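# Structure at a glance
Each chain is listed here by its residues.
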Amino acid sequence: MDFSSKLLENAVNEMSQLPGIGKRTALRLVLHLLKQPKTQAIALSESIKELREDINFCSNCHNISDVKVCEICSNPNRTKNIVCVVEDIRDVMAIENTSQYRGHYHVLGGKISPMDGIGPSELTIQSLVDKVREGVVDELIFALSSTLEGDTTNFYIFKQLEKYPITITTIARGISVGDELEYADEVTLGRSILHRIPFENSLKNN
Ligand SMILES: [Zn+2]
């Protein structure tokens with residue numbers, strides 16, 4: 001692509017770093033920003049800057065939060081000894097939308113995926129193990145998507161925690177294999193949490 005302006009070229013190059021955005025789409029978006037009032041484009045760039053500089057992760061569950069301990073973890077009406085293990089904030093949002101769950105979460109920050117160079121130490125697994133060892137957890141609910149990476153991650157965590165006297169369950173598979181939680185409808189996802197099954201049973205079924 002030949003640009004008549006270096007400024008335009010830089011903006012297109014930066015924009016095309018985003019997932020799913022090719023050079024042509026990036027150019028369309030950049031031209032759109034040029035047509036908008038200047039304040040709007042500046043507000044966008046400021047919000048990205050603030051997001052990157054000030055973002056905080058809850059010290060308890062590792063979810064994205066503006067405060068040190070997130071609203072869910074600091075809510076006295078939530079059951080802190082039931083912990084739902086999820087991949088990221090999108091899963092927390094999906095489960096919260098069902099209004100069927102009143103426990104806490106533990107956000108792993110991804111799934112074990114050797115192909116992508118993500119091992120257990122890249123995730124917040126150690127912090128979860130520490131939490132269990134401290135005795136604050138009675139039940140862990142695995143709610144990772146049912147993909148090879150999700151199953152590998154569940155199994156790894158299960159092995160780390162086998163010796164502790166806690167119940168480990170997994171959400172019922174109303175959600176079909178390979179589905180991401182965030183795309184499940186609220187009723188299906190809500191039911192699959194209510195009808196969760198012991199994790200060991202899910203291993204026998206596979
Ligand atoms: Zn939290």
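These notes cover the structure that comes with them. (Residues numbered from 1 in each chain as written. Predicted model: local features only at pLDDT ≥ 70, side-chain atom pairs only at ≥ 80, totals over all residues. Heavy atoms only, no water.)

## Topic: the environment of Thr170
With respect to the element layout, Thr170 can be found in strand 6 (residues 167–170). Residue Thr170 is classed as buried on the basis of its relative accessible area of 4%. Each C-alpha atom, one on Thr170 and one on Leu128, is 16 Å from the other, the two residues being 42 residues apart in sequence. Apart from the residues lying within four places of it in its own chain, the contact partners of Thr170 are Phe142, Arg196, Ile197, Phe199 and Ser202. (Helix = DSSP H or I, 4+ residues; strand = E, 2+ residues; numbered from the N terminus. Buried < 20%, exposed > 50% of the residue type's maximum accessible area, 1.4 Å probe, protein only. Contact = heavy atoms within 4.5 Å.)

## Details of the coordination of the zinc ion
Only Cys58 (SG), Cys61 (SG), Cys70 (SG) and Cys73 (SG) from the protein reach the zinc ion as donors, at distances of 2.3 Å. For the zinc ion, the four donor atoms in the first shell make angles of 106 to 115 degrees at the metal, a pattern classed as tetrahedral. Of note, the donors binding the zinc ion are all from one chain and are spaced C-x2-C-x8-C-x2-C. Here Cys58 is found in the loop between strand 1 (56–57) and strand 2 (64–65), whereas its partner Cys73 is found in helix 4 (residues 71–74), with 15 residues between them in sequence. Here Cys58 matches Cys73 in class, with each residue buried. (Donors = N, O, S within 2.8 Å, 3.2 Å for Na, K, Ca; no water. Tetrahedral: all angles 85-135°; square planar, octahedral: opposite > 155°, others 65-115°.)

## Observations concerning the pattern of salt bridges
This structure, assessed with the given rule, holds eight salt bridges. In this structure, the salt-bridge partner of Lys49 is Glu53, at a minimum N-O distance of 3.8 Å. Taken as a pair, Lys49 and Glu53 lie in helix 3 (residues 38–54) at a separation of four residues, close to a single helical turn. With a relative accessible area of 58%, Glu53 lands in the exposed category. One salt bridge in this structure joins Lys159 and Glu162, with 3.2 Å as the shortest N-O distance. (Salt bridge = Lys/Arg side-chain N within 4 Å of Asp/Glu carboxyl O.)

## Quick look at the side chain of Asp91
With respect to the secondary-structure elements, Asp91 resides in helix 5 (residues 89–98). At 5.8 Å, Arg90 is the nearest oppositely charged side chain to Asp91, a buried residue that forms no salt bridge. Among the polar contacts listed, one links the side chain of Asp91 to the backbone nitrogen of Glu87, at a separation of 3.1 Å. (Lys, Arg positive; Asp, Glu negative; His and termini not counted. Polar contact = N/O pair within 3.5 Å; in protein donor to acceptor, adjacent residues only side chain to side chain.)

Everything listed here is a matter of geometry and, on its own, says nothing about what the molecule does.
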